[in-house]
Structures are given as structure tokens and as C-alpha cells.
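Residue-level structural notes
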Amino acid sequence: MNVAVVGTGYVGLVSGSCLAELGHQVTCVDVDVEKIAGLNNGVIPIYEPGLEELVKRNVGYGRLRFTTSYQEAIPDAEVVSIAVGTPSAEDGTADMKYVKAAAEEIGKNLSDYTVIATKSTVPVGTAEMITEIVKANTDCEFDVVSNPETLREGHAVYDFLHPSRVIIGSSSPRATDFMVHLFAYLDCPKVVTDPRSAELTKYAANAFLATKISFINEIAHLCEEVGASVEDVAKGIGLDPRIGKDFLHAGLGWGGSCFPKDVLALSTLAASLDYPLPIVNAAIKTNVHTRERVVSRLEKALGSCAGKKIAVLGLAFKDNTDDTRESAAVAIIRELHNRGAEVRAYDPIANVTSEHVGFDLEHSADPYSAAEGAEAVVIATEWDEFRNLDLQRLKKAMSGDILFDGRNLLSQEEAERSGFRYFRVGRKSKM
Ligand code: UGA
């Protein structure tokens, strides 16, 4: 099929490249001239495992191209996927300005019947809003469907090609046929529903997963108080198929470009309808508390953070990405700095600007130079590299002996054998 993907951010670029990999003829369009020029020269603007090879291979086959021109991308497309950003607006709702601009440009450039599919996470009722905008700009026949993405950063290519399900929110059998055809090669259930249910499914999925993480973090905090092990509790409950073992890793709470934004948007939407969501709101509160608790435990171990040198290992919100949006690592670094600590950080690929973190953060070249002279080291991102730290070398570089493993990557015995006072999430501290 001929497909256009609007937006070459993480969702658009991954979706476009994977649709090309499935054999479709894909044109990705973006208003960012520099990004498109880069992509046309083989420069991939984000770090995502497997993406660079996928883009190069499909550009080479002539199935994938990039342009800034809607006129070039839209008229021949049978399906146009909207994958532009929907960031949080000041009031917590999803900011729809990019979706509206895309809908207007798509409308102006339609030449024949086209299915317009929303991949971005958008509020309930967006399909109707897009329909109105497109209708005002074209005489062509078209349908708008909701087709929310369910990709995880760091695993996005794999997730697109091996999805647990594809959600198609459509009120037109003709459009549904197009979408089923588009994803025919993906061996997974296709959940066909109406657009409003599809739009809400995406928010409900992210809110449920975020709540699951907040729940296990709450249990982890209780484990720290009563002297139990959160990992054993998680294993014990996760083997019940009604609960499931995934998303039960206690740590520093949920971050990234999706959960915080989507959970807040859902909560704000419900509040505006005078139907507050107490469970979802509690999940948000626990997430904030999870980060604060790490800093408080660390401060208790250090006596005070003021004037202490602390190395933070990890900046990305999780492993296999350079994304630091809403990262727990960044929130913890800010709080340690506010409490007077001298913070230094290392991440294998992510960086933060001083504007983002709020001060001029020193970035180190490796974990051991970050730890040089430090009283405490905090592991804040679950990079594999940190599972394999040379703990004796790390300890030798430091002036103190505190190792706070915020992602539970290390073995307590080994850390203690290397001379650390070792702290982890969901285990009582030995002081
Ligand atoms: C999430 C969802 O998992 C995707 O299905 C969804 O498509 C995507 O949002 C989106 O809406 O676009 P992502 O934000 O890439 O994907 O990251 P996750 O792997 O889900 O992790 C989110 C956060 O939860 C991270 O901060 C991670 O460290 C944390 N987490 C995850 C835990 O603390 N414990 C866990 O057990 C799992």
C-alpha cells in the first residue's frame, strides 16, 4: 500500500520504517527541514536499537523516503498516519496544536479516498475533531480512524513488528478493511472498535501499567519498613496469571515521554468531567513519593546531603534510550542539588542540558571517574553496563562507602564484600 506518515519523531520514524519493512511504500513528512535533510543523508535523530539499519535498508530498497512537502507525501497515499507530538499543555491536557496543523495540511492535499489514522496518543473525541478540520479543507472522500501505538522506547522496532495487538478504532467498514490490510503481515489480534474506545484504550493501558508500577513501589516501601524482599513478593504475586509478572520491578517510579504525560492527561480529562479518578491520582502521588523516598533514605545514610559529593549513574529514564524526559534520574539529581550536594553524573549515551536539569551538571566519561572522591554513588537507570560494574574499582575511587542501587541491579552480597554500605529498593537498609 502507499502510506504517508506525518511526523518523524520516535513514533513516526519507527512506524514509517517498520511499515516499509512490511513491504509498503512509505513517505515520511515532517516540517523540520533540518531533520529531513539529516534523514535524507542517513542521520537518525534518535537512538533506538535496530532503527538505523531498518531506515538504511528500506531507503536502499526504495520503499522509504523523507520529505518536508505534504504535496509530495499525501496525494498518492491510501493511508495517512498522524504521528506528531501531543505534549502536555500548561493545564495538564494534551496540546493538540500539531495534530490540528497536520489535519489541515492533510485535508488540503487529498486527491482520492484516503484513510487518516491517528497514531499519536490523543484525547477521546479527536477522530471527530480531525474529521471536521479535514472536511473544511477538501471535497475528497476520507475516513478518520484511531490506531494508537503501543511501542516501548528502546524496544520500539521489535514492538512494532511483534505487537501483542493492533487497535483499530473505526466507524467505517471501508476504512477498517484498509487498516486490516495495512497490518495483514503482523501476526496478532486486531481489535476493531469505535474511535472513542480506541482513543481511551491507549490512555487506559498506560494508566494501568503506571498504576501497576506505583503499586509495587508502595509494596517495596512497606518491605523496607517490615524487613521483607519486594523481589520475592513480586515473584510470588506475579506467577498468578491474573496478576502477571511484567511491570512489577520496583525502582524509582515511572518516567519518560509517555506515562507521566498520558496519566496526567487522563486525570485532567476525568476531572474536567467532574469524574475524578482516585486510583489514577493515587498512582501519580505514589510516583512522586517514590523519588522523594530515595533521596530521604540517602540523606539519612549520609547524615546530610549538604556539601557531599554524590555520583549518579544514569540519566536516561530507562535503559536503551537517550531520552531523559521526566527521568527519575534527573528528578533525583535536582533534589540532591537543592539539598546542597555536589552532583556528578555518567550515562552511556544520554546527556542533559543545564536548562533541563536546572544547574550546570558535570558529566563524567565513565562510572569510575564519576565516583572519584564521592561519598555516595546512586544507580538511577537500569543500563546493563551498571550490572557489570567493577565494584572494587568503584569503591576504591570513592572517599565514602554508600552505594544506592535505585534499580536493584546488583547483588547485596557482592556489594557488601566490596566494602559498600549497600541500599536497594524494597529491602530494609542495614545501617
Ligand atoms: C510506554 C508503554 O510501555 C508502551 O506500551 C507505550 O506505547 C508507550 O509508553 C507510549 O505511550 O508511547 P515507554 O514509555 O517507552 O513505553 O517505557 P516503559 O518501558 O513502559 O517504561 C516506563 C517507565 O516505567 C520507565 O521509567 C521504567 O523505568 C518504569 N518501569 C517499567 C518500572 O519502574 N518498573 C517496571 O516494572 C517497568
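Residues numbered from 1 in each chain as written. Predicted model: local features only at pLDDT ≥ 70, side-chain atom pairs only at ≥ 80, totals over all residues. Heavy atoms only, no water.

**Some thoughts on the sheet that holds strand β12 (residues 376–379)**
Selection rule: By this definition, two strands are paired if DSSP reports at least two bridges between them. By the criteria applied, helices consist of DSSP H or I runs no shorter than four residues and strands consist of E runs no shorter than two, each listed in order from the N terminus.
Pairing is parallel in the open sheet, where 6 strands are placed in the order β11-β10-β9-β12-β13-β14. Lying at the two open borders of the sheet, with one neighbouring strand each, are β11 (362–363) and β14 (421–424).

**Quick look at empty space enclosed by the protein**
The line we're drawing: In this analysis the probe radius is 1.4 Å and the grid spacing 1 Å, with only protein atoms considered; a cavity is a set of points the probe fits into but cannot get out of, a pocket is an open set with protein on both sides within 12 Å along at least five of seven lines, and lining residues have an atom within 4 Å of a point. Grid points are joined across faces, edges and corners, and a volume is the space filled by probe spheres set on the points. Residues are grouped as follows: Ala, Val, Leu, Ile, Met, Phe, Trp, Tyr, Cys and Pro are nonpolar; Asp, Glu, Lys and Arg are charged; every other residue, Gly included, is polar.
For the structure on display, the rule yields 3 cavities of 30 Å³ or more. Estimates place the volume of the largest cavity at around 120 Å³. As for the largest cavity, its lining consists of 14 residues, of which K119, T150, P163, R165 and V166 are closest to the centre. If you list the elements that add at least two residues to the lining of the largest cavity, you get α7 (156–161) and β7 (166–169). When the residues that make up the lining of the largest cavity are grouped by side-chain class, the tally is 8 nonpolar, 2 polar and 4 charged.

**What to know about helix α12 (residues 278–302)**
The criterion, for reference: Expected helix span is taken as 1.5 Å per residue step, with the number of steps being one fewer than the number of residues.
With 25 residues, α12 should reach 36 Å at 1.5 Å per residue; the first-to-last C-alpha distance of 36 Å fits that figure. Phi for G303, located one or two positions after α12, is positive at around 90 degrees.

**Things to note about unusual backbone geometry**
Where the residue is not glycine, phi is negative for most of them; where a peptide bond is considered, it is trans in most cases. Notably, F247 is not glycine yet its phi reads approximately 60 degrees, a positive angle. With respect to the secondary-structure elements, F247 resides in the loop between α10 (230–238) and α11 (259–272). With a phi angle near 50 degrees, E326 is a residue other than glycine that sits in the positive phi range. For E326, the position within the fold is in the loop between β9 (309–313) and α13 (328–338).

**Some details on the pairing of β14**
This is how the line gets drawn: We call a crossover right-handed when, viewed with the strands running away from us, the connection from the first strand over the helix to the second turns clockwise.
Pairing analysis gives 4 bridges linking strand β13 (residues 402–405) to β14, with the strands arranged parallel. The residue bridging I402 from the neighbouring strand is R421, located in β14. Viewed along the sheet, the connection from β13 through helix α18 (residues 412–417) into β14 turns out right-handed.

**Comments concerning helix α1 (residues 10–21)**
Using the following cut-off: Burial here depends on accessible area, computed with a 1.4 Å probe over protein chains only, as a share of the maximum for the residue type. Under 20% is buried, over 50% is exposed, and the range in between is partly exposed.
For α1, with 12 residues, the first-to-last C-alpha span of 16 Å sits near the 16 Å given by 1.5 Å per residue. Among the 12 residues of α1, 11 are classified as buried, and the element is accordingly described as predominantly covered. Burial in α1 covers these residues: Y10, V11, G12, L13, V14, S15, G16, S17, C18, L19 and A20. Immediately beyond the C-terminal end of α1, within one or two residues, lies G23, with a positive phi of roughly 105 degrees.

**Here's the deal with the packing of aromatic side chains**
Our working rule: In this analysis, rings of Phe, Tyr and Trp, with Trp reduced to its six-membered ring, are considered paired at centre separations within 6.5 Å, and the interplanar angle assigns stacked below 30 degrees, edge-to-face beyond 60, and tilted for intermediate values. To sit over a ring, a charge needs its Lys NZ or Arg CZ within 6 Å of the ring centre and within 35 degrees of the ring normal.
For the coordinates displayed, the defined rule picks out 5 aromatic pairs. Between F160 and F183, the aromatic rings sit 6.3 Å apart at their centres with planes inclined by 50 degrees, giving tilted as the arrangement. In this pair, F160 is assigned in helix α7 and F183 in the loop between α8 (173–182) and β8 (190–193), connecting sequence segments 23 residues apart. The two residues F160 and F183 agree in class, both being buried. With a centroid separation of 6.1 Å and 65 degrees between ring planes, the pair formed by Y346 and F386 is classed as edge-to-face. Residue Y346 is located in strand β10 (residues 342–346), and its partner F386 is located in helix α16 (residues 384–387); the two are separated by 40 residues in the primary sequence. The exposure class of Y346 is buried, given its relative accessible area of 7%. Sitting over the face of the ring of Y113, R174 holds its NZ or CZ atom 3.6 Å from the ring centroid.

**Thoughts on the pattern of salt bridges**
Worth spelling out the cut-off: Whenever a carboxyl oxygen of Asp or Glu lies within 4 Å of a side-chain nitrogen of Lys or Arg, that contact is scored as a salt bridge.
Applying the stated criterion to the full structure yields 24 salt bridges. Residues K97 and D95 are paired through a salt bridge, measuring 3.3 Å at the closest nitrogen-oxygen approach. Relative accessible area serves as the criterion here: at 46%, K97 is assigned to the partly exposed category. Across the salt bridge formed by E128 and R196, the nearest N and O atoms sit 3.0 Å from each other. On the criterion of sequence distance, the pair formed by E128 in helix α6 (residues 126–135) and R196 in helix α9 (residues 195–226) is long-range, its members being 68 residues apart.

**Some details on the environment of K235**
Here K235 is to be found in helix α10. Assessed through its relative accessible area of 58%, K235 is described here as exposed. Each C-alpha atom of the pair K235 and L248 lies 8.5 Å from the other, and the pair is 13 residues apart in sequence.

**Comments concerning the side chain of R424**
To be explicit about the condition: Pairs of N or O atoms within 3.5 Å make up the polar contacts considered here, provided that, within protein, one atom can donate a hydrogen while the other can accept it, and that residues adjacent in sequence are counted only when both atoms are side-chain atoms.
Inspection of the secondary structure assignment puts R424 in strand β14. A polar side-chain atom of R424 sits 2.5 Å from a polar atom in the side chain of E231.

**Let's talk about the site of the ligand**
Definition in use: It suffices for a single heavy atom of a residue to lie within 4 Å of a molecule or strand for the residue to be listed as near it. In these tables, accessible area is a Shrake-Rupley quantity obtained with a 1.4 Å probe, and a residue counts as shielded only by the protein chains included in the view.
Neighbouring the ligand are 21 residues; E149, L151, E153, N206 and C258 lie closest to it. At 2.8 Å from an oxygen atom of the ligand is found a main-chain nitrogen or oxygen belonging to L151. Residue H249 places a main-chain N or O atom 2.9 Å away from an oxygen atom belonging to the ligand. Look at the ligand: alone it shows 710 Å² of surface, and the protein chains cover 92% of it.

**Structural notes on a nonpolar patch on the surface**
What counts is decided by this rule: Like-charged residues are merged into a patch within 9 Å and nonpolar side chains (Val, Leu, Ile, Met, Phe, Trp, Tyr) within 5 Å, provided each residue has over 30% relative accessible area and no salt bridge.
Residues L269, L273 and Y275 make up a contiguous nonpolar surface patch of about 340 Å² in total accessible area. Note that L269 resides in helix α11. When its relative accessible area of 30% is taken as the criterion, L269 is described as partly exposed.

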